[in-house]
Amino acid sequence: KVNATKATYVITYLISMLISMDAEWTADVVKSIDALVGSCVVLPCTVSHPGTYLSTSRLRGIWHRKDKWNENFYHEDSTKILDSFKGRTKLLGNLGQNNCTLEIVQVKDHDNGPFCFRVELVRKDNNEPTKEKFSFVEKCADIKMIHDVPKPKLGPIKTANPGKPYTLTCSVHHTCPSHRPQIKWSRENKDDEITEVHKPIHSGIWEAESILSFVPEEKDDESELICTATFNGGMKSEEKFTLNVKRIENYNHIIIPAVAVAATAVIFGLFCVLMVKKYNMWNRMSRLSRR
């Protein structure tokens, strides 16, 4: 019975190995992505396989050039990485969780791809690769180099009301969520409230957003607000906005002259009445003196 049990176990193990070797591995890599020269870029990547869970220690992730598999952009053994990429690449993802995302920092003009992912199964005892190796050269990433620092966008642009809350949003798109841009405002009021939001847009593009909330006063009218985005690597860009604050309606320039005119008219009327009375009294006295 013991031998039968062992035989069953061996057969089951061999069948599972054969299924694993014949199983189809797949990878999903961003096809094309922008990268700001001097900053960093993240290449989203997911890998999947049928069968049971495989720990990260059983998997080795490699990023290489499409037509030259021995030219590695990333390898856990740094001696196997191209000199121009040494110290600049990092596997952000956890392979045991099907994440093979690659980060490239200090992006250079010559960081040419295509960038392709390969996964190898390794032995537990000596970390040597097995015959199970899967390279996904049909799904590689191309990088488009950008030299102009992206400018942030401001909105919504509207007139503020004094004494009422006002909100202004500054946002910028980027492709390096591991080192997202830092957004700062020119206002430095302790009563201001700033909310930061970071969210994915699509295909490896992210948006960093800063929401400024404050209560404007009349003195803030025509003041300049500046939003500055600082990218990884120190590059900066800014956007300016002139704040318009509605003035509180003041009718003194109408009321005071009107009151002055009315008062003048009243005084003049009283003066005329007094003069008429004085004139009538004078006439009466003149008649009495003649008698």
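Residues numbered from 1 in each chain as written. Predicted model: local features only at pLDDT ≥ 70, side-chain atom pairs only at ≥ 80, totals over all residues. Heavy atoms only, no water.

You'll find the protein entered in an unreviewed UniProt entry as Ig-like domain-containing protein, with Poecilia latipinna given as the organism.

Visitor: Help me understand the state of the cysteines in this model?
Guide: What we call a disulfide is simply a covalent bond connecting the sulfur atoms of a pair of cysteines. One pass over the full model with this rule turns up four disulfides. Residue pairing for Cys 116: its cysteine sulfur links by disulfide to Cys 140, the two sulfurs lying 1.9 Å apart. Every disulfide takes its handedness from the sign of the S-S torsion; for Cys 116 and Cys 140 that torsion is 105°, giving right-handed. Taken together, the residues Cys 116 in strand S9 (residues 115–122) and Cys 140 in the loop between strand S10 (129–135) and strand S11 (142–146) connect sequence positions 24 residues apart. Exposure class is identical for Cys 116 and Cys 140. Each is buried. Of note for the protein: the bonded cysteines, numbered N- to C-terminal, pair according to 1-7, 2-3, 4-5, 6-8. (Disulfide = S-S within 2.5 Å. Helix = DSSP H or I, 4+ residues; strand = E, 2+ residues; numbered from the N terminus. Buried < 20%, exposed > 50% of the residue type's maximum accessible area, 1.4 Å probe, protein only.)

Visitor: So what exactly am I meant to see when it comes to the packing of aromatic side chains here?
Guide: Any pair of aromatic rings gets described here by the distance separating the centres and the angle formed by the planes. A complete count under the given rule lists seven aromatic pairs for this structure. Aromatic ring contacts, followed pair by pair, group Trp 63, Phe 117 and Phe 136 into a single cluster. The aromatic ring of Phe 85 is capped on one face by Arg 88, whose charged end is 4.9 Å from the ring centroid. Residue placement shows Arg 187 over the ring face of Phe 214; its charged tip is 4.0 Å from the ring centre. (Phe/Tyr/Trp six-rings, centres within 6.5 Å; stacked < 30°, edge-to-face > 60°. Lys NZ or Arg CZ within 6 Å of the ring centre and 35° of its normal.)

Visitor: Is there a simple way to think about the sheet that holds strand S8 (residues 102–104) in this case?
Guide: Think of a sheet as strands paired side by side through backbone hydrogen bonds, with each pair either parallel or antiparallel. The strand order across the open sheet built from three strands is S3-S8-S7, with neighbouring strands paired in antiparallel fashion. In the strand order of this sheet, the two ends are held by strand S3 (41–43) and strand S7 (89–91), each with one partner. On average, each strand axis in the sheet is inclined to that of its neighbour by 20°, with strand direction left out of account. Sheet topology note: the S3/S8 ladder contains three bridges and is antiparallel. Bridge pairing in S8 places Leu 43 opposite Leu 102. (Pairing = 2+ DSSP bridges. Axes fitted to C-alpha atoms, helices over the stretch in contact; angles between N-to-C directions.)

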